[in-house]
Structures are given as structure tokens and as C-alpha cells.
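# Reading the structure
Each chain is listed here by its residues.
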There are 2 protein chains.
Amino acid sequence: MARIVMKFGGTSVADLDRIRNVAQRVKREVDAGHQVAVVVSAMSGVTNQLVDWVRQLDPLHDAREYDTVVATGEQVTAGLTAIALQTIGVPARSWTGWQIPIHTDDMHGKARIKGIDAAAIESRFEQGMVAVVTGFQGLGSDNRVTTLGRGGSDTSAVAVAAGLKADRCDIYTDVDGVYTADPRIVARARKLDRISYEEMFELASLGSKVLQTRSVEIAMNHRVRLAVLSSFKDLPGTLICDEDEIVEHHVVSGIAHSRDEAKITVLKVADRPGIAASVFGPLADAGINVDMIVQNISPDGSSTDMTFTIGRTDLERALKVLETNRAEIGYADLRPDATVAKISVVGVGMRSHAGVALTMFRTLAAERINIQLITTSEIKVSILIDEKYTELAVRALHTAYGLDG
Amino acid sequence: MARIVMKFGGTSVADLDRIRNVAQRVKREVDAGHQVAVVVSAMSGVTNQLVDWVRQLDPLHDAREYDTVVATGEQVTAGLTAIALQTIGVPARSWTGWQIPIHTDDMHGKARIKGIDAAAIESRFEQGMVAVVTGFQGLGSDNRVTTLGRGGSDTSAVAVAAGLKADRCDIYTDVDGVYTADPRIVARARKLDRISYEEMFELASLGSKVLQTRSVEIAMNHRVRLAVLSSFKDLPGTLICDEDEIVEHHVVSGIAHSRDEAKITVLKVADRPGIAASVFGPLADAGINVDMIVQNISPDGSSTDMTFTIGRTDLERALKVLETNRAEIGYADLRPDATVAKISVVGVGMRSHAGVALTMFRTLAAERINIQLITTSEIKVSILIDEKYTELAVRALHTAYGLDG
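## Here's the deal with the packing of helix α7 (residues 197–205) of chain A against helix α8 (residues 213–222) of chain A
All names here are of chain A. Contact geometry for α7 and α8: axes closest at 8 Å, N-to-C directions at 165 degrees. Taken together, the axes of α7 and α8 lie roughly antiparallel to each other. Of the two elements, α7 crosses α8, and the hand of that crossing is left-handed. Of the residues in α8, those touching α7 at Tyr 197, Met 200, Phe 201, Ala 204 and Ser 205 are Thr 213, Val 216, Glu 217, Ala 219 and Met 220. Classifying every residue of the contact of α7 with α8 gives seven nonpolar, two polar and one charged.

## Observations regarding the pairing of strand β12 (residues 238–241) of chain A
All names here are of chain A. As judged from the three bridges shared by strand β10 (residues 194–196) and β12, these two strands associate in the parallel manner. When the sheet's bridge partners are listed, Arg 194 is paired in β12 with Leu 239. Where strand β11 (residues 226–230) lies against β12, three bridges are found, and the strand directions are antiparallel. Bridging across to β12, Val 228 finds its partner in Thr 238.

## Topic: the interface of chain A and chain B
Residue-level contacts link 27 residues of chain A with 27 residues of chain B. Considered class by class, the residues forming the side of chain A that touches chain B number 13 nonpolar, eleven polar and three charged.

## Section: the sheet that holds β10 of chain A
For sheets, the rule is that strands pair by backbone hydrogen bonds, running either parallel or antiparallel. Residues and elements named next belong to chain A. Taken together, the eight strands give an open sheet; going across it, the order is β3-β6-β2-β1-β9-β11-β12-β10, and neighbouring strands pair in mixed fashion. Of all the strands in the sheet, just β3 (92–95) and β10 have a single pairing partner and so form its edges. Within this sheet the neighbouring strands show an average axis-to-axis angle of 20 degrees, counted without direction. Taken together, the six bridges between strand β1 (residues 3–8) and strand β2 (residues 35–40) define a ladder with parallel strand orientation.

## Structural notes on helix α1 (residues 16–31) of chain B
Residue and element names in this part refer to chain B. Look at α1: 22 Å from first C-alpha to last across 16 residues, which is about the 22 Å you get at 1.5 Å a residue. Within the sequence span of α1, burial applies to Ile 19, Val 22, Ala 23, Val 26 and Val 30. Projected down its long axis, α1 shows its buried positions confined to an angular sector of 100 degrees, all on one face. Exposed residues pointing more than 90 degrees away from the buried face of α1 are listed as Asp 17, Gln 24, Arg 28 and Asp 31. Buried-residue contacts for α1 involve β1 (3–8), β2 (35–40), α4 (72–87) and β6 (130–134).

## Focus on the packing of helix α1 (residues 16–31) of chain A against helix α4 (residues 72–87) of chain A
Residues and elements named next belong to chain A. Direction vectors running N to C along α1 and α4 enclose 60 degrees, while the axes themselves pass 9 Å from each other. One finds that α1 runs oblique with respect to α4. Relative to α4, α1 is oriented so that their crossing is right-handed. On α4, the residues touching Ile 19, Arg 20, Val 22, Ala 23 and Val 26 of α1 are Leu 80, Thr 81, Ala 84 and Leu 85.

## Quick look at the environment of Arg 362 of chain B
Residue and element names in this part refer to chain B. Position of Arg 362 relative to the elements: it lies in helix α12 (residues 356–366). Given 12 C-beta atoms within a 10 Å radius, Arg 362 is considered exposed. Placed 235 residues apart in sequence, Arg 362 and Gln 127 show a C-alpha to C-alpha distance of 61 Å.

## Considerations on the confidence of the model for chain A
With 99% of its residues at a pLDDT of 70 or more, chain A shows a mean pLDDT of 93. Listed scores for the predicted complex are pTM 0.82 and ipTM 0.80.

## A closer look at the environment of Ile 371 of chain A
Residues and elements named next belong to chain A. For Ile 371, the location among the structural elements is in the loop between α12 (356–366) and β17 (373–377). Sequence separation between Ile 371 and Ile 385 is 14 residues; the distance between their C-alpha atoms is 5.3 Å. Dropping the residues within four chain positions of it, Ile 371 is found in contact with Phe 361, Leu 364, Ile 383 and Ile 385.

## Focus on the sheet that holds β2 of chain B
Residue and element names in this part refer to chain B. Pairing in this open sheet of eight strands is mixed, and the strands run β3-β6-β2-β1-β9-β13-β14-β12 from one edge to the other. Where the open sheet ends on each side, the last strands, each with one partner, are β3 (92–95) and β12 (194–196). In this sheet, neighbouring strand axes are inclined to one another by 20 degrees on average, regardless of whether the strands run parallel or antiparallel. Sheet strands in contact with helix α6 (residues 152–163) are β1, β2, β6, β9 (168–173) and β13 (226–230), and its direction is about 175 degrees off that of β1.

## Details of the relation of the copies chain A and chain B
When chain A is fitted onto chain B, the two copies agree to an RMSD of 0.1 Å after a turn of 179 degrees and an axial shift of 0.0 Å. Given the turn and translation reported, the copies of this chain are related as if by a two-fold rotation axis. Using C-alpha coordinates, one finds that chain A approaches the rotation axis most closely at Thr 72 of chain A, a distance of 2.7 Å. The fraction of interface residues of chain A whose copies in chain B are also interface residues reaches 100%, indicating that both copies meet through the same surface.

## Things to note about the nonpolar core
Ranked by internal contacts, the top residues of the largest apolar core, which has 239 residues, are Val 5 and Val 38 of chain A together with Val 5, Val 38 and Val 130 of chain B. Residues within four places of Val 5 of chain A in sequence aside, it is in contact with Ala 37, Val 39, Ala 157, Val 160, Ala 161, Leu 164, Ala 166 and Cys 169 of chain A.

## So, helix α2 (residues 46–57) of chain B
Taking 1.5 Å per residue, twelve residues should reach 16 Å; α2 of chain B reaches 17 Å between its end C-alpha atoms and fits that length. What α2 of chain B keeps buried is the set Val 46, Thr 47, Leu 50, Trp 53, Val 54 and Leu 57 of chain B. Seen end-on, α2 of chain B carries its buried residues on one side only, within an arc spanning 125 degrees. Considering only its buried residues, α2 of chain B is in contact with α1 and α4 of chain A together with α3 (63–70) and α4 of chain B.

## Quick word on unusual backbone geometry
Cis geometry marks the peptide bond from Ile 100 of chain A to Pro 101 of chain A; its omega dihedral reads -15 degrees. Take Pro 101 of chain A: it is sitting in the loop between β3 and β4 (102–104). Not every positive phi belongs to a glycine, and Arg 223 of chain B is a case in point at roughly 50 degrees. Look at Arg 223 of chain B and you get exposed, because 11 C-beta atoms sit within 10 Å.

## Side note on the pairing of strand β20 (residues 380–386) of chain B
Residues and elements named next belong to chain B. For β20, the buried fraction is high: six of the seven residues fall into the buried class. Relative to β20, strand β18 (residues 333–346) is paired through seven bridges, and the arrangement is antiparallel. Its bridge partner being in β20, Ile 343 is matched across the sheet by Ile 383. Where strand β19 (residues 373–377) meets β20, five bridges bridge the pair, whose relative direction is antiparallel. When the bridges of β20 are listed, Thr 375 appears paired with Ser 382. Linking β19 to β20, which pair antiparallel, is a turn of two residues.

Rules behind the numbers
Residues numbered from 1 in each chain as written. Chains lettered and ligands numbered in written order. Predicted model: local features only at pLDDT ≥ 70, side-chain atom pairs only at ≥ 80, totals over all residues. Axes fitted to C-alpha atoms, helices over the stretch in contact; angles between N-to-C directions. Helix = DSSP H or I, 4+ residues; strand = E, 2+ residues; numbered from the N terminus. Parallel < 35°, antiparallel > 145°, perpendicular 65-115°, else oblique. Left-handed = near helix turned anticlockwise from the far one by under 90°. Contact = placed C-beta atoms within 7 Å. Nonpolar A, V, L, I, M, F, W, Y, C, P; charged D, E, K, R; others polar. Pairing = 2+ DSSP bridges. Expected span 1.5 Å × (residues − 1). Buried ≥ 20, exposed ≤ 12 C-beta atoms within 10 Å, placed from the backbone. Arc of directions from axis to C-beta. pLDDT = per-residue confidence, 0-100. Least-squares fit on C-alpha atoms with pLDDT ≥ 70 in both. Core = buried A, V, L, I, M, F, W, Y, C linked by C-beta atoms within 7 Å.

What follows is the structure in C-alpha cells.
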């Protein structure tokens, strides 16, 4: 007997027939004698509709109320899935984030899971019941529903798996695994049988939509054996595991891209100590994550331009925050740009191979693509480019690093 | 300064424009210096969609999961309404049933409110905030969401008003008050300026859809001044108040009808003590309310036929319960009939006027409408007829009691 967490995304529960299919898949594991917790997303399209309503009422909406509205999508799926299981003879009970509870911090709209009280679910396991858990949400210390940001149901699943000390966490989705690049862009992309936690963490952070970053982080910290599988085909997926379990290594494992970026240049800020804090402090207070940062010297020497990237959906709010704090920061103007993309190459092999970044710069230069910003870490190199070159850049790099299948 | 509860039904919050209108109406009361709690229903159509999904998966669905699914509708409206208020400068916060909490019993799908902890809302009032409360739902002792049955948002509103000791509870709806009969059936129906709690309680129990019965009961017990008003027109509605506050009394105040009835005849049950308990005990255990009951003597003297009515939506479940308990009850057959309607005349004047029932029987006889069952109470007479005569019967009675406007 094993303890398993199965997570189904929005397209896997898009309508009643698919929910019935999910129930059948769960039944197979139950019939095999396993204890099963199921984590579900909202039926596809539902979350978009709810988000759209909130934005129509107020583009700068209150994040607490956004969470109250948007979290309902998963609650509907959880109840329906529990009923679908009951109709085929599988005892089941739904659980919302606040019922378990799944404790999060109070950063509404992109809350982080702090811990899970697994006692209630475990006691139902003793009674032979399947627990159907709402993904994407938890309970803040303010006794309000929080949501975890797009893709948050993956994180819910991994957190539940960690809390239950599950033997496996299977993420069922509309792709059949993790690829060397997005197959919709790169026809010759290959599915990876295995990938290390560290690489998957970078790929997820850098724009691969397969798993939410935080889910990989929790899996890595708690050593949760995580698999990405197709909801629709019975195929082996991709296992995310320790580096030691992977025999063959490429220097680069995958190319990620993200069009969810926006760039802001703050023109002519004073070149003095503390200026970065005065710019980024208010943004942090507003819950806006800053990614890449570059500071240039201005010709006159006394002032400087500062360029940074943020999530594209945060652009309007970020500009507002900077305008509100204009007097304290002191700058000449703001230059927003929402037509940028971030391209990244990732691989643990970089630790022992030099020249990975150089290959990247040469490849893009050969395609006449201008690089706007660069950041690097131990196992990745990211660059910012004009978003119209996204596909061209990803394909060229996929070939350059020998990833074409 | 007064403390006011305003309740808006599904058609009043059907889309974002209507939710914006609701926000404007609330703002008027806030600008007048009042403390306001707003109770909202699901956007019209939403609850039906959710109920339909549940029924498609399983007509005999688990009531706990039904509640989990269906309660989401009001949560969406509450969040959106709070945002709509914030955008026009009214500080507002949404509250779900479990957050306040609104305590109910554990009869899922038609739970009864037991009490409300008003402290959280009152502390927000102190901060100048409007509380937007999800109607239709509460928290059971099992820590699960319960729903209060159709029209339950009225009950939520009155219970919140009672808990907050509000000066007024205004129910905004798609009709502009309480009428002597359903204006869609009786063109000459008149709007009542005032009606007593007792009469409104009977009208609501007997099929008038204007207010949920339980809401009137709570209003009566806690002496909540309750008004029914139009969401769309600025007109005086109907005040539900003490009998003493009403100057002019008619013998009959209104005619109610209900097509939500079904009749079951249990053929040839033993004519022995305890037989009623053996039939109705299992139905009560299943949470099925029995309304009218008649027991006939069978020709052979040793056995009897028993006829009773229940809600039409409970028919399938009731038959199943009776079939499950067939051995213990002992009967020859079950005859279900879902094509019946209940017509009722209501008026506190009946206490002092004889002959009200006789007028009813004569009027229906003149229209050649057969009466299947009869029940009476101090201030009402109800009869069960073939549902195809509903409109004919209501119109004839409206004229017979001198109610035509």
C-alpha cells in the first residue's frame, strides 16, 4: 500500500465527462489498495471568467476580494469530483483550503504555503476515504481565503504530498511531460524522462508553464517524488528527482521562455547610496516581484538610469507605485515596455562546462537579435529580448545546444 | 445613524452593471451616515448551473458536496460587490458564512440558522466598513459549508439583522412588494402596503416566492422590521410588521399557490397504532418534510390508504426511502403524483369570520375543480388540486374574496 497524491489541472476537469474520467483514474489507484488524496484545479475557463469580472470592476482590485472570488472555481471542482467518485462506489469527501487547513502567509493573490495540518485527511484515510482537495488556495492568518497565483494547484499538490509524507505526487496535465523546450514552438523538442529538482526549479521560474516554481521548491526541500503525466494518454511522463538518480547529463537540459515580462526604466535617478532601496522598497511593499535589474551610468555622472523587469500583469500597479513615490525617489521619467521576452538556458552541466553563455550570445548575434539585459546563476543564463524574436531565439538555441530530437 | 441590512437577490446582481447599481444604492445609505451590512445572492443563473452539474453527476447526490459546490455562487457575488463598493470609495469587506461564522445545524441542503457571531462585522462597522455577506449559507457543526435551501439568502439577511440588532432589513428583489396574489397569474392583484408577520409567514410557507418562510419566522421572533422593495424602481414596497401596526384588515389578505408539491399514496398499510410513525419516521430521518396528510379507511377495514404531500424535488428520494423500508412498513403499492398544486387563502381576519373555507369550496365547485386534500390552520385554508387548474383557481378565489384591485 502506498500513499499517493494525484493532481488534475483545469483541462483535465474541464467538463463533467472529464471529471468522470478523473474519478475512474483515481478508482484504479484505490482499487490497487492505495490511500489517495486528489488535488483539483478549477474547470478550465472558470478562473479566467472570474478574474475577468474582477478586473472589469477594478483593474487595481483589492487582492483579498480577488482571492474570495477566484478561489470558488476549485471548490466547485472538488465537490463535483467527490460526487463523481461516490457514484462509482469510492467513498470521498471534498476539502477546501480553509477546512484542512492549508496555512499560507497573507500575500493575497500569490500567497506562500507555510504548512498543512494533515490530521483531518489522515483520519479519513483510516476510514478508507479519498480526500479531494481544492488546489490553488489556503487560509491566511487573517482568516481569509488566499490564492497561490497561477499554477498554484501544483504547489497545493506537492504541499499536500509533503504534509502526508506521500510516496508519490503525480501531476496530471494536458502535456505528457517536461520537454527540452515548448513543443508548440520547437517541433524537434524532446520529452525528458528525468530532470533534477534544481533544473526543473529554474525552468519553472523562467517561464516553462509545466509546473509552478514554488511546487518544485517544496518538492525539492521535502524530497517529494514528483511526476508530470498526461491526463489523456497512458504514457510514462517525466520524473523530477535528485540529480544522483539521473545517469546521462547534457550541458543544457532545456530552453525556457517567458512573455509574461515587462521592463521599466527609471530615468535619471540620483547616483547615491540607498537609491535602489527607495525604488524597490515600495514595490516590495506592494507585493510586486522584481526580476532582472541593471543600473547604467548616465553621461553626466551624477545621475543614473535604472532598468528592471517585473511580471507584465504588475506593470500598471508598479507604475502607480513609482508615481506615488516620485518625490521620495526623485527621477526624471518612467519608460515602461511590455513587449519584451525572457529566454533562458538551463542545465546542471554548466557547473563543469565553461562557454555556455558565450554560445548563447553568439547564436543570438548570428540571428541579429539584440540582448537588452542579462542575468546568470550557477545553472542558467537568461537574457531579455524584444518579444517578437521569441520563437526565433528559442529554436536557434535549441539547435545550438544540440537538443534537437 | 441607523443600522441597516440590505439584501439583494439573484436578478439584482445578475451582471457587473447591476452589481455596480447595488453598490450605488448601498453608498446612498452609507452617505446618509448609516452602518450597512449587505447580503447577496448568487448572480442569477449561477446556482441553477451548479445544481444542474451536481444532478447530472448524481440525482441522489451527497448533500454535503452539493453544499460545497452550490455555496460558491454567493461567494463570487460577495467578493465582486465588495470590489464594486471599494471602487466608488466605500470601504467594504466580504464575509462568507464560515468566516463570520453563521452557525447552522447539519441538515445539508436545507440547514437552519442557529446563531450568528456578529462581533467581527460590528468591529468592522466601528472602522466605517460595509460588510458584504454571502447569503444562503452557513457553517455546520461538522466544519462544513451548509446551504439554507432556495430563497435562503432572505433568511441570511434577517438573521444578520437580528444578530446585529439592525433597525431595518430591506429585501431588494425583482418584484416591488407583496401582492394579494402572484401578479403574473392575477392581473388585478394589488400590492399590500403592510402585512403582518403571521400572514406573511403563511404566504411564504404556502408557495409565495417573495420571501423564504424561515426568514419571516426569524423576523417575527426577533421583531425585525422587514421590507420588500424593488431593486430597479424607487417605490415604497411592503412592510412586514406587527398586526397592531396595520389599521385596515381584510378577512383574506392573499392567495398563495405552489406547484412545488408532489403527492404519494401508500396503498393498503395495516390500520394499527404506530403505522404513521413507520411511514414518516424514515422520511424525517432523510430530511424530507411532509406537508398535508390524509388517512382513508379501506373497504376491508383492516388496512388503510395513506396519502401525503412532499416537495416535488424530494419525490424520487422519498420513494426510495419508502421502498427501502417496505418490509418494516408493510404496504401493497406506492402511487406517486407530481401533477398537483396547493392553493391557499390566508388572512388574520379568519380568526373572527366564519365561512371562509366554505366560500373556497363553493368557488372551486362552481369552477368544477376537484379538491384532493384539505388542511386548515387558524389563519389559512389550503387545498390540493390538479395542477392544470392552478391559474383558474387562484383567479376565481381572488375575485370571490373581494381582492381584485
